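Residues per chain, in single letters:
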Amino acid sequence: MTNFPTEKFKELKTPFYYYDMSLLEDTLSLVKKESEKYDFHVHYAIKANANDRVLEKIRSKGFGIDCVSGYEIQKALEVGFSPDGIVFAGVGKADWEIELGLKHDIYCFNVESLPELEIINELAAKNGKKARVAFRINPNVQADTHHYITTGLDENKFGISMPDLESVLDRMKELENVQFEGMHFHIGSQITDLDNFKDLCTRVNELQEWFISRQLFPKVINVGGGFGIDYDDPQNNPISDFASYFKVFKDFLKLKAGQELHFELGRSVVGQAGNVISRVLYVKEGVKTRFAIIDAGMTDLIRPALYQAKHKIESLSASSDAKKVRYDVVGPICESSDSFGKAIDLPELKRGDFVALRSAGAYGEVMVSRYNLREEPQAFYSDDF
Ligand code: LLP
């Protein structure tokens, strides 16, 4: 549960990100405890949040890291993640990014196509290296989430499709500078129905046999990330049920002796620890609606505009027994999609009141833009108050 030091906020320029570092700590401790029960390995998906203080805490817990660009690899190294805990995915790895990974001997390249595999082999040969690779396989498993963030269906651009697998595998056997590590999957993000992960396990079990029948043993199975968080009730449900999540894989995935199971969790690790804190600028009576215009916009948190995501909006200034009024909560950006919620009942707002946009720790600060030439929001941390 996050407590907001609203009095202290009065000195600060809004909007800003506020991180509850003890919630992050508790979340990380639970992820560690539940994954270690089964000897599972967690790589944090840095794309969800690359804030230095957040990364530092995650690193200090000993997690590996999942990167999707050379810039993320550079960042991970700067913060002190060990190269042997770095995995590198992405459909469009540029040559310099592959060479950076090779130079630092990162643990594994998650390969998404045959042409990419050829280039990794070529660059590895040029640099006198052998690259560890896992095949990112598009398992064609449905994930019940927003269509912009499903990734494991035939129509998505990600991964090697099942029909192509055989030819990629045959070619790999001829390549001398790549070494097969295993299989990689990621079916989508913000998945709260654990049945989706059971379906993934079923597919992985089938594929495992397929590989083994072709004399290739996947030493590592990486099932990606995607575990969701409770956007509706972050206060009462601040940490996702990691015990049940990891248990699905324990129960449904048929791991062979000597095999490792890897995860790439982003949102569920950092999502609830971050909030956007904003001030109400104006309350405007429209013809049909009453608008609460706040100083945070889609430039600070793009998820509502981009995915129709709902982030809980809370007043931090009004007492909880104050009269409730219905608002459309909007930002200052010159776009109609710059809206955080329609018909939201909040304690009556006035100019200068603080509101929190909750659950903004994942895909929040990393997706900030400077549209309208706005300043990037600063970040503050509960530890410092
Ligand atoms: N591994 C791979 C290969 C991924 O593509 C992703 C996320 C993850 C792991 C981490 O997934 P997570 O545990 O965070 O669900 N910007 C969107 C989400 C995009 C997710 C992209 N891939 C949003 O704000 O909802």
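Residues numbered from 1 in each chain as written. Predicted model: local features only at pLDDT ≥ 70, side-chain atom pairs only at ≥ 80, totals over all residues.

An unreviewed UniProt entry lists the chain under the name Diaminopimelate decarboxylase, with Marinilabilia salmonicolor given as the organism. Here is the UniProt Sequence similarities (unreviewed entry) comment for the chain, exactly as written: "Belongs to the Orn/Lys/Arg decarboxylase class-II family. LysA subfamily." Quoted verbatim from the Function (unreviewed entry) field of UniProt, the annotation for the chain is "Specifically catalyzes the decarboxylation of meso-diaminopimelate (meso-DAP) to L-lysine." (UniProt positions renumbered as here; feature names shortened; annotations may be inferred.)

Draft legend 1. Summary view of the nonpolar core. Grouped together as the largest cluster of nonpolar side chains are 91 residues, with contacts concentrated most on Y44, I86, I120 and V133. Per-domain counts for this core show at least three residues from each of domain 1 (6-15 + 272-384) and domain 2 (21-270). Aside from chain neighbours lying at most four places away, what touches I120 is I98, F109, V111, A131, V133 and V178. (Core = buried A, V, L, I, M, F, W, Y, C linked by C-beta atoms within 7 Å. Buried ≥ 20, exposed ≤ 12 C-beta atoms within 10 Å, placed from the backbone. Domains from an automatic or database assignment. Contact = placed C-beta atoms within 7 Å.)

Draft legend 2. Fine view of the UniProt feature "binding site: substrate" (unreviewed entry) in the chain. Residues annotated by UniProt as "binding site: substrate" (unreviewed entry) correspond here to R267, R303, Y307, E335 and Y363. A maximum C-alpha distance of 26.7 Å is found for the annotated residues, which run over 97 residues; spatially they are spread out rather than grouped. According to the C-beta neighbour criterion, R267 is buried, with 25 such atoms within 10 Å. Other than its neighbours up to four places away in sequence, R267 contacts A48, S189, Q190, G228, I229, A362 and Y363. Of note, E335 is situated in the loop between strand 14 (324-330) and strand 15 (339-347). (Helix = DSSP H or I, 4+ residues; strand = E, 2+ residues; numbered from the N terminus.)

Draft legend 3. Inspection of the UniProt feature "modified residue: N6-(pyridoxal phosphate)lysine" (unreviewed entry) in the chain at higher detail. Summarizing the sequence annotation, UniProt attributes the feature "modified residue: N6-(pyridoxal phosphate)lysine" (unreviewed entry) to K47 in the numbering used throughout. The residue K47 is located in the loop between strand 2 (41-45) and helix 3 (52-60) in this model. Not counting residues within four places of it along the chain, the set of residues in contact with K47 comprises V68, E72, G266 and V366.

Draft legend 4. Representation of the domain arrangement of the chain in the model. Considered domain by domain, the chain is made up of domain 1 (6-15 + 272-384) and domain 2 (21-270). When each unit is reduced to the centre of its C-alpha atoms, the spacing between domain 1 and domain 2 is 33 Å. Facing the 18 residues of domain 1 at the interface are 23 residues of domain 2. Tallied by class, residues from the side of domain 1 that touches domain 2 come to 7 nonpolar, 6 polar and 5 charged. (Nonpolar A, V, L, I, M, F, W, Y, C, P; charged D, E, K, R; others polar.)

Draft legend 5. Layout of unusual backbone geometry. Cis geometry is adopted by the peptide bond preceding P15, which originates at T14 and carries an omega value of -5°. Following the sequence through the fold, P15 ends up in the loop between helix 1 (6-9) and strand 1 (16-19). Here the phi dihedral of L373 falls at roughly 55°; this positive angle occurs in a residue that is not glycine. Along the chain, the position of L373 falls in the loop between strand 16 (354-357) and strand 17 (378-381). On the basis of neighbour counts, which here come to 6 C-beta atoms within 10 Å, the residue L373 falls in the exposed class.

Draft legend 6. Focus on the site of the ligand. The local shell around the ligand holds 23 residues, among which S189, G225, G266, R267 and Y363 are the closest. At the level of secondary structure, the elements contributing two or more residues to the shell around the ligand comprise strand 10 (260-265), helix 10 (267-270) and helix 11 (303-307). Its residues assigned to classes, the shell around the ligand shows 9 nonpolar, 9 polar and 5 charged. Taken together, domain 1 (6-15 + 272-384) and domain 2 (21-270) each give at least three residues to the shell around the ligand, which thus spans both. (Near = placed C-beta within 6 Å.)

Draft legend 7. View of the packing of helix 2 (residues 21-36) against helix 9 (residues 242-252). Where helix 2 contacts helix 9, the two axes come as close as 9 Å, and the packing angle between them is 30°. For the element pair helix 2 / helix 9, the angle class is roughly parallel. By crossing handedness, the relation of helix 2 to helix 9 is classed as right-handed. Two secondary-structure elements touch here, helix 2 through L30, V31, E34 and S35 and helix 9 through F242, A243 and F246. Along the lines of polarity and charge, the residues of the contact of helix 2 with helix 9 split into 5 nonpolar, 1 polar and 1 charged. (Axes fitted to C-alpha atoms, helices over the stretch in contact; angles between N-to-C directions. Parallel < 35°, antiparallel > 145°, perpendicular 65-115°, else oblique. Left-handed = near helix turned anticlockwise from the far one by under 90°.)

Draft legend 8. Local environment of helix 4 (residues 70-79). Every buried residue of helix 4 is accounted for by E72, I73 and A76. Angularly, the buried residues of helix 4 cover 105° about the axis, an arc narrow enough to put them on a single face. Where helix 4 is buried, its residues meet strand 3 (64-67), strand 4 (86-88) and helix 5 (95-103). Looking one or two residues past helix 4, G80 carries a phi angle of roughly 105°, positive in sign. (Arc of directions from axis to C-beta.)

Draft legend 9. Molecular detail of helix 9. Here helix 9 has its buried residues at F242, Y245, F246 and F249. For helix 9, the angular spread of the buried residues around the axis is 85°, confining them to a single face. Exposed residues pointing more than 90 degrees away from the buried face of helix 9 are listed as A243, S244 and D251. Buried positions along helix 9 lie against helix 2, helix 8 (195-213) and strand 10.

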